[in-house]
Amino acid sequence: MVADKNNVTRNFIQSLPYVKAMQMALTKIAPGEAEMVMPYDSQFVGDPTTGVIHGGAMSALIDTCCGAAVISHPACPAGTATIDLRIDYMRPAMPGEALSTRAVCYHVTQSVAFVRATAYDEDKSSPVANAAGAFTMLGRVK
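The structure presented is a predicted model; accordingly, all values stated were derived computationally and were not measured.

The strand order across the open sheet built from 6 strands is β1-β2-β6-β7-β8-β5, with neighbouring strands paired in antiparallel fashion. One side of each edge strand has no neighbouring strand; the edge strands of this open sheet are β1 (25–30) and β5 (80–89). Adjacent strand axes in the sheet meet at a mean angle of 20° when their direction is disregarded. Pairing between strand β2 (residues 33–38) and strand β6 (residues 99–108): 6 bridges, direction antiparallel. Residue pairing in the sheet places E35 in a bridge with R102 of β6. Helix α3 (residues 55–71) contacts β1, β2, β5, β6, β7 (112–120) and β8 (129–137) of the sheet and is inclined by roughly 40° relative to β6.

Here you go:
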């Protein structure tokens, strides 16, 4: 059952056109948990003078990783959609470095899943961003 859920999650995430365009990849999937990586790409730079990746690209990675954590949760029968996502940017990501995110679905109700995530560049001791969000659990009976 877990392997099937993980495959459903992986297949759904990999089918999203923006995930392909931004070269995002799931690196870990477990019940209620996901990790993703996005390589550095100069086309997503927000400040050409520093080479720092735009916050929108970072938020897309975080949001997608959170969604994967929800879909992989055993209580989620189908898909998900973001209700609310708060991202606290702690520092700029280092130019030229890949970005990674780890998300954990830590609580579910009948129709809402709550997720926390942390994003990093290559320095895993200093987060680039922390996030907390609420996501629908589509297909769940209220």
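Describing an aromatic ring pair means giving the distance of the ring centres and the angle of the ring planes. The tally for this structure, following the rule as stated, stands at 0 aromatic pairs. Taking NZ or CZ as reference, R116 lies 3.7 Å from the ring centre of Y106, over its face.

Only one face of β2 is buried, namely the one carrying A34, M36 and M38, since none of E33, E35 and V37 on the opposite face is buried. Pairing geometry for β1 and β2, over 5 bridges, is antiparallel. From the neighbouring strand, A25 faces β2, where its bridge partner is V37. Count of turn residues in the β1/β2 antiparallel hairpin: 2 residues, of which G32 carries a positive phi of about 75°.

Glancing now at the confidence of the model for the protein. Here the protein averages 92 in pLDDT, and 96% of its residues register 70 or above. The element-level mean pLDDT for the protein is lowest in helix α1 (residues 2–15), coming to 84, with β2 highest at 98.

For the rest of this paragraph, the subject is α3. The end-to-end C-alpha distance of α3 is 24 Å, a good match for the 24 Å that 17 residues give at a rise of 1.5 Å each. Judged by how many residues are buried, α3 sits mostly within the fold: 13 of 17 residues are covered.

All right, on to the nonpolar core then. Core analysis: the biggest nonpolar cluster contains 37 residues, and M24, I62 and V70 have the highest contact counts within it. Within the residue set of this core, elements represented by two or more residues are β1, β2, α3, β6, β7 and β8. Element by element, the count of residues in this core is highest for α3, at 10 residues.

Note that A25 resides in strand β1. A C-alpha to C-alpha distance of 24 Å links A25 and D47, two positions 22 residues apart in sequence. Those residues in contact with A25 that lie beyond four places of it in its chain are E35, M36 and V37.

Conventions used here
Residues numbered from 1 in each chain as written. Predicted model: local features only at pLDDT ≥ 70, side-chain atom pairs only at ≥ 80, totals over all residues. Heavy atoms only, no water. Pairing = 2+ DSSP bridges. Helix = DSSP H or I, 4+ residues; strand = E, 2+ residues; numbered from the N terminus. Axes fitted to C-alpha atoms, helices over the stretch in contact; angles between N-to-C directions. Contact = heavy atoms within 4.5 Å. Phe/Tyr/Trp six-rings, centres within 6.5 Å; stacked < 30°, edge-to-face > 60°. Lys NZ or Arg CZ within 6 Å of the ring centre and 35° of its normal. Buried < 20%, exposed > 50% of the residue type's maximum accessible area, 1.4 Å probe, protein only. pLDDT = per-residue confidence, 0-100. Expected span 1.5 Å × (residues − 1). Core = buried A, V, L, I, M, F, W, Y, C linked by side-chain atoms within 4.5 Å.

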